[in-house]
Amino acid sequence: MLEIRNLTVKIADEDTQILNGLNLTVNDGEVAAIMGPNGSGKSTLSYVIAGKEDYEVLDGEILLNGENVLEMEADARAAAGIFLAFQYPLEIPGVATMTFLKAAMNAQRRARGEDELLTPDFIKRVNAAADGLGINREMLRRPLNVGFSGGEKKRMEILQMALLAPSMCILDETDSGLDIDALRIVADGVNALRDKSRGFLVITHYQRLLEHIVPDTVHVMARGRIVRTGGKELALELEKSGYASYGEAA
Amino acid sequence: MAAVQETIDQVKSIDVTEYKYGFVTELEVDKPAKGLTEDTVRYISARKNEPAWMLEWRLDAFRRWKTMTEPTWSRVNYPPIDYQNIYYYAAPKMGAQPKSLDEVDPAILETYKKLGIPLREQEILAGVAPENRVAVDAVFDSVSVVTTFKKELAEAGVIFCSISEAIQEHPELVKKYLATVVPVTDNYFATLNSAVFTDGSFVYIPKGVRCPMELSTYFRINEQNTGQFERTLIIAEEGSYVSYLEGCTAPKRDENQLHAAVVELIALDDAEIKYSTVQNWFPGDAEGKGGIYNFVTKRGDCRGKNSKISWTQVETGSAITWKYPSCILRGDGSRGEFYSIAVSNGMQQVDSGTKMIHLGRNTTSKIIAKGIAAGKSDSTYRGMVSAHRKATGARNFTNCDSLLIGDQCGAHTIPYIEAKTATAIFEHEATTSKIGEDQLFYCQQRGLSEEEAVALIVNGFVKEVLQQLPMEFAVEAQKLITISLEGSVG
């Protein structure tokens, strides 16, 4: 379970405050969506939860299963179960996707005091997960994300999510840059991971993604805090009326 | 994949803030007074029992050196070197040249053991397949203390010994080839080396022989205030093949020490020489105090048709590196290759690259240079590719990439390209990139620590070059790179 209380954040070395006393809870098994206009602080929220260093937390706390993660480095948060699917996944030239996946999985296992995966077991898991997402084996040998299309990069994020089996998944604008077919594949991949022990926080500007990943809860974010919370029908309402009533241009 | 994991594990288990090879071996040492005069040259020659022609050759070089001035064109800064404040010869006291390992001072054997260089043949033989054996020439300060597997190599007709021994035992070969690739007056440091060179390796591969094992020389500077002037000569006769590797370390000392080497390679018709270097001289401390000045002239001559010389270097050490392993592509259809990884951290300065001089027809060359700069270091790639007017159909491909870690280091690329024939095709690619905060955050978000993330990204960057090294050295080199960059981020 993810609990965020009174989270107040500014950009490091600047005065600009982005999050203004944000409160949010995502229960195990819940799919929560955050919608909001550009500049409302959605992506910042995802980065702060994951532990990016460009921000300064002025007040508040972020608890994962009751434990405050704010004092933890990004890699420790990952090992504790936080996964962020990036809006713009980074390229790692020269590092085969397989190599990267194995390094990440084993790093997390070591951090949790578990044994490292044996290579045959690892390969079996990767192949099974890749097949489910329509990722061909040849792609796994290429350097991570280098020369991948937008859709391939997003699928690769979901593959990593599946392999790392986090308890809290954050998807930052996962639908951006995807055509309808790619969107469906990615959404199916996410839906396959829905589980009563796993929470999701789906950040999106458009309602389109939520037709495929149907949320339990929808939060509206504006000016750095949650201003309204409702069921999935709230997304449809926003689609019609836009964000104008929240004081910002859509 | 396994190698990356191994790197990460190794880094974790090592106290990386320490230069691991920085210890000193206490020994009784035989050395002349400091400084350089004709008497010093005579002393060195006498200590080596050299024939008169060799002494004359040295004295001639010394007289020429006195008329020369130190070059200043490289992008490195250092205070003037006082050539009269250096010991030019230092040898562990051990009487005559030891005939076997049992006669070598145990302290020296212990040193090599600590460095991970096995010298006892029976230890190497245990559990190592014949094709994976490595013959070692161990050079300690100014002398070669031992050369292993000489008997096995001799059966194949291969001569592998110290250059001092070659001057005694094979003077005809030394006279025929010495200084035919790097002339005595080639440059200031090469001339100095010609006057005072102390030891190094000599390799001769006869016609049609494929050297049955890897050859390697391990250079160790131990004494204080001592320069090391290594001289290596490798000759590959028609249709032969040899792979050779050199490694270098030195103790941590507060003063700078000079290492001025000359390496000459000669490949005759259809011969191939593969020369690899893993250079890890003491780089100086974080403030730039101490460290080795590595001023080296390395050059290969593809003298025969369809001959091939390839240089692979992993440079992580030295306070200052000044070296340009080059190929003269004289034989028609000959090929030169240069693969380089230069890692600099702290206050290190690197000015390194290569020269590919195309003289013969249809000669080809390839340059892959990867520079990684961290800390406050400065790294320059300097490379020359030239085609003589008779070098029709000459081809070169150059790729030099720089990776910056942090914002206080510098990377520079200085290519010189000169084609005197319209049929030459030269390609040059260069990139400079930075390990981005975003890239690191992405890796950390997936569970990798900052060090693991840097190791992974750097290994990806240098992979192409590491693949050129013999397998066991590639793993070693990978570890070394990771360790050299420890603490470079954040």
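So, how was this worked out
- Every chain's residues receive numbers from 1 upward, in the order its sequence appears when written.
- In the order they appear in the text, chains get letters beginning with A and ligands get numbers beginning with 1.
- With the structure being a predicted model, the display of local features is reserved for residues of pLDDT at least 70 and the display and counting of side-chain atom pairs for 80 or more, all residues being used for whole-chain, interface and lining totals.
- Calculated side-chain values reflect all of the structure's heavy atoms, with hydrogen atoms and water omitted.
- Segments assigned H or I by DSSP are reported as helices when at least four residues long, segments assigned E as strands when at least two residues long, and all are numbered from the N terminus.
- Our radius of gyration is a C-alpha quantity, and the globule rule it is checked against amounts to 2.2 Å times the number of residues to the power 0.38.
- Three exposure classes are used, based on accessible area relative to the maximum for each residue type with a 1.4 Å probe and protein chains only: buried under 20%, partly exposed in between, and exposed over 50%.
- Every residue pair with non-hydrogen atoms within 4.5 Å of one another is taken to be in contact.
- Method for areas: the Shrake-Rupley scheme with a 1.4 Å probe, in which residue coverage is limited to the protein chains shown.
- Residues scored as positive are Lys and Arg, those scored as negative are Asp and Glu, and His as well as the terminal groups of each chain are ignored.
- By convention, charge coordinates are those of NZ in Lys, CZ in Arg, CG in Asp, or CD in Glu.
- Once two parts are joined, some of their accessible surface, as seen by a 1.4 Å probe, is lost; buried area is that loss totalled over both.
- For this document, the term salt bridge refers to a Lys or Arg side-chain nitrogen within 4 Å of an Asp or Glu carboxyl oxygen.
- Any pair of nitrogen or oxygen atoms within 3.5 Å is treated as a polar contact; in protein, a donor-acceptor pairing is required on top of that, and neighbouring residues in sequence qualify only through side-chain atoms on both sides.
- Pairing between two strands is assigned when DSSP locates at least 2 bridges connecting them.
- Residues forming no salt bridge and having over 30% relative accessible area are the ones grouped into patches, like charges within 9 Å of each other and nonpolar side chains (Val, Leu, Ile, Met, Phe, Trp, Tyr) within 5 Å.
- To estimate the expected span of a helix, subtract one from its residue number and multiply by 1.5 Å.
- Throughout, nonpolar core names a set of buried Ala, Val, Leu, Ile, Met, Phe, Trp, Tyr and Cys residues whose side chains join them through atoms within 4.5 Å.
- For this analysis, a ring pair means two rings from Phe, Tyr or Trp (six-membered ring only for Trp) whose centres lie within 6.5 Å, classed as stacked if their planes differ by under 30 degrees, edge-to-face if by over 60, and tilted for the remaining angles.
- Our definition puts a charge over a ring when NZ of Lys or CZ of Arg is within 6 Å of the ring centre and also within 35 degrees of the ring normal.
- Values of pLDDT, the confidence the predictor places in each residue, fall between 0 and 100.
- Axis definition: a line fit to C-alpha positions, over the contact stretch in the case of helices; interaxial angles, taken between N-to-C directions, run 0 to 180 degrees.

Asker: Help me understand the overall build of chain A, please; the structure alone is not making it clear to me.
Answerer: From N to C terminus, chain A includes nine helices and ten strands. The C-alpha radius of gyration computed for chain A amounts to 18 Å, which stays within 12% of the reference 18 Å derived for 250 residues, consistent with globular compactness. Projected onto the principal axes, the alpha-carbon positions of chain A cover approximately 55 × 40 × 35 Å. Relative to its 250 residues, chain A shows a buried fraction of 57%. Look at the contacts in chain A between residues 6 or more apart in sequence, and 69% of them connect residues 24 or more apart. Accessible area for chain A stands at about 10,400 Å²; split by element, carbon and sulfur atoms hold 47% of it. Of note, chain A has its 27 positive side-chain charges centred 5 Å away from the centre of its 37 negative side-chain charges.

Asker: Honestly, the interface of chain B and chain A in this entry has me stumped. Any pointers?
Answerer: How big an interface is tends to be reported as the loss of accessible area on association of its parts. Each partner contributes residues to the interface: chain B has 23 residues there, and chain A has 36 residues. Regarding the contact of chain B and chain A, the summed buried area is about 2,400 Å², with carbon and sulfur atoms giving 62% of it. In this structure, the connection of chain B to chain A is made through three salt bridges. Glu157(A) serves as the salt-bridge partner of Arg446(B), at 2.9 Å between the closest nitrogen and oxygen. For the pair chain B and chain A, the number of links is 13 residue pairs in polar contact (both at pLDDT 80 or more). Residue assignment for the side of chain B that touches chain A shows that the elements contributing at least two residues are helix H1 (2–13), helix H10 (437–445) and helix H11 (450–466) of chain B.

Asker: What is the right way to look at the pairing of strand E4 (residues 55–64) of chain A in this model?
Answerer: Sheet faces and side chains relate simply in a regular strand, where the side chains alternate between the two faces. Residues and elements named next belong to chain A. By the bridge criterion, eight bridges tie strand E1 (residues 2–11) to E4 in an arrangement that is antiparallel. Counted as the bridge partner of Glu 3 is Leu 63 from E4. With two bridges joining them, E4 and strand E5 (residues 67–68) adopt antiparallel strand pairing. If you follow Leu 64 over to E5, its bridge partner there is Glu 67. Hairpin connection between E4 and E5: a loop of two residues separates the two successive antiparallel strands, and Asn 65 in this loop has a positive phi of roughly 50 degrees.

Asker: I'm lost on a negative patch on the surface in this one. Help?
Answerer: A cluster of acidic residues, Glu53(A), Glu73(A), Asp407(B) and Glu437(B), forms a negative patch on the protein surface. Along the chain, Glu53(A) turns up in the loop between helix H1 (42–50) and E4.

Asker: Hey, could you run me through helix H3 (residues 97–111) of chain A in this one?
Answerer: Because an α-helix completes one turn every 3.6 residues, residues spaced three or four positions apart along the sequence face the same direction. Its 15 residues give H3(A) an end-to-end C-alpha distance of 21 Å, which sits within 8% of 21 Å, the value for a rise of 1.5 Å per residue. Of all 15 residues in H3(A), 13 are buried, a share of seventy percent or more.

Asker: I keep staring at the nonpolar core and nothing clicks. Help me out?
Answerer: General note: in soluble globular proteins, nonpolar side chains tend to be found buried as a group. Judged by nonpolar contacts, the single largest core of 114 residues is most densely connected at Leu45(A) and Leu159(A). Among the elements that take part in this core, H11(B) stands out by supplying nine residues, more than any other. In contact with Leu45(A), other than residues within four places in its own chain, are Ile4(A), Leu7(A), Leu19(A), Leu22(A), Leu24(A), Ile34(A) and Met221(A). One finds Phe202(B), Ile235(B), Trp322(B) and Ile328(B) within the second-largest nonpolar core, a separate group that totals 51 residues.

Asker: Hey, could you run me through the sheet that holds E4(A) in this one?
Answerer: Strand-to-strand pairing in sheets goes through backbone hydrogen bonds, with the strands running parallel or antiparallel. Residue and element names in this part refer to chain A. Across the sheet, four strands lie side by side as E2-E1-E4-E5; this open sheet has antiparallel pairing. Of all strands in the sheet, those with a lone pairing partner are strand E2 (17–26) and E5, marking the two edges. As paired elements, E1 and E2 share seven bridges and run antiparallel to each other. Looking at the pairing, Thr 8 lines up with Asn 20 of E2.

Asker: What should I look at first to understand the packing of aromatic side chains in this one?
Answerer: Any pair of aromatic rings gets described here by the distance separating the centres and the angle formed by the planes. Enumeration over the complete set of coordinates arrives at 25 aromatic pairs over all chains. With centroids separated by 5.5 Å and ring planes inclined at 75 degrees, the aromatic side chains of Trp65(B) and Tyr83(B) adopt a geometry described as edge-to-face. With a gap of 18 residues between them, Trp65(B) in helix H3 (residues 52–66) and Tyr83(B) in the loop between H3 and strand E2 (91–92) connect regions that are remote in the sequence. We classify Trp65(B) as buried; its relative accessible area is 7%. Ring geometry for Phe189(B) against Trp322(B): centres 5.3 Å apart, planes inclined by 70 degrees, an arrangement best described as edge-to-face. Here Trp322(B) lies in strand E15 (residues 320–323) and Phe189(B) lies in helix H9 (residues 188–196), a separation of 133 residues in the sequence. Judged by relative accessible area, which is 2%, Phe189(B) ranks as buried. On the basis of relative accessible area, Trp322(B) is assigned to the buried category, the value being 6%. By way of ring pairs, the aromatic residues Phe62(B), Trp65(B), Trp73(B), Tyr78(B), Tyr83(B), Tyr188(B), Phe189(B), Tyr293(B), Phe295(B), Trp322(B) and Tyr324(B) are connected into one cluster. We note Lys52(A) situated over the ring of Tyr47(A); from NZ or CZ to the ring centre the distance is 4.7 Å.

Asker: What exactly am I supposed to notice about the side chain of His219(A) here?
Answerer: All names here are of chain A. If you trace the backbone, His 219 turns up in strand E9 (residues 217–222). Its relative accessible area of 6% is what places His 219 among the buried residues. Beyond its immediate stretch of four places on either side in the chain, His 219 contacts Leu 24, Thr 25, Ala 32, Ala 33, Ile 34, Met 35, Ile 226, Arg 228 and Thr 229.

Asker: Explanation requested: the pairing of E9(A) in the structure shown.
Answerer: All names here are of chain A. Most of E9 is tucked away, with six of its six residues classed as buried. The alternating pattern of E9 places Thr 217, His 219 and Met 221 on one face and Val 218, Val 220 and Ala 222 on the opposite face, and all of these are buried. In terms of strand pairing, strand E3 (residues 31–35) meets E9 through four bridges, oriented parallel. Bridge assignment links Ala 33 to a residue of E9, and that residue is Val 218. Relative to strand E10 (residues 225–230), E9 runs antiparallel, the two being bridged by five bridges. Residue pairing for E10: His 219 is matched across the bridge by Thr 229. Two successive antiparallel strands, E9 and E10, enclose a turn made up of two residues, where Arg 223 displays a positive phi of approximately 45 degrees.

Asker: Whenever I open this one, the confidence of the model for chain B confuses me. Can you help?
Answerer: Residues shown with low pLDDT carry predicted positions that ought not to be read at fine detail. All names here are of chain B. Summing up the model confidence of chain B, the mean pLDDT is 83 and the portion of residues at 70 or higher is 85%. Within chain B, no element has a lower average pLDDT than H1, which sits at 42, and none a higher one than strand E16 (residues 326–329), at 97. A low-confidence stretch, residues 1–17 (pLDDT under 50), is modelled with 29 contacts involving residues beyond four sequence positions or located in other chains. If you check the scores for this complex, the pTM reads 0.79 and the ipTM reads 0.95.

Asker: What exactly am I supposed to notice about the sheet that holds strand E7 (residues 168–172) of chain A here?
Answerer: Residues and elements named next belong to chain A. What the six strands build is an open sheet, ordered E6-E7-E8-E3-E9-E10; its pairing is mixed. Unpaired on one side and paired on the other, strand E6 (82–85) and E10 mark the two borders of the sheet. Neighbouring strand axes in the sheet, compared pairwise and without regard to direction, differ in orientation by 20 degrees on average.

Asker: Honestly, helix H6 (residues 150–164) of chain A in this entry has me stumped. Any pointers?
Answerer: Residues and elements named next belong to chain A. Counted at 1.5 Å a residue, the expected span for H6 with its 15 residues is 21 Å, and the 21 Å between its end C-alpha atoms agrees. With 13 of 15 residues buried, H6 lies mostly within the body of the structure. Two residues or fewer after H6 comes Ala 165, characterised by a positive phi angle close to 45 degrees.

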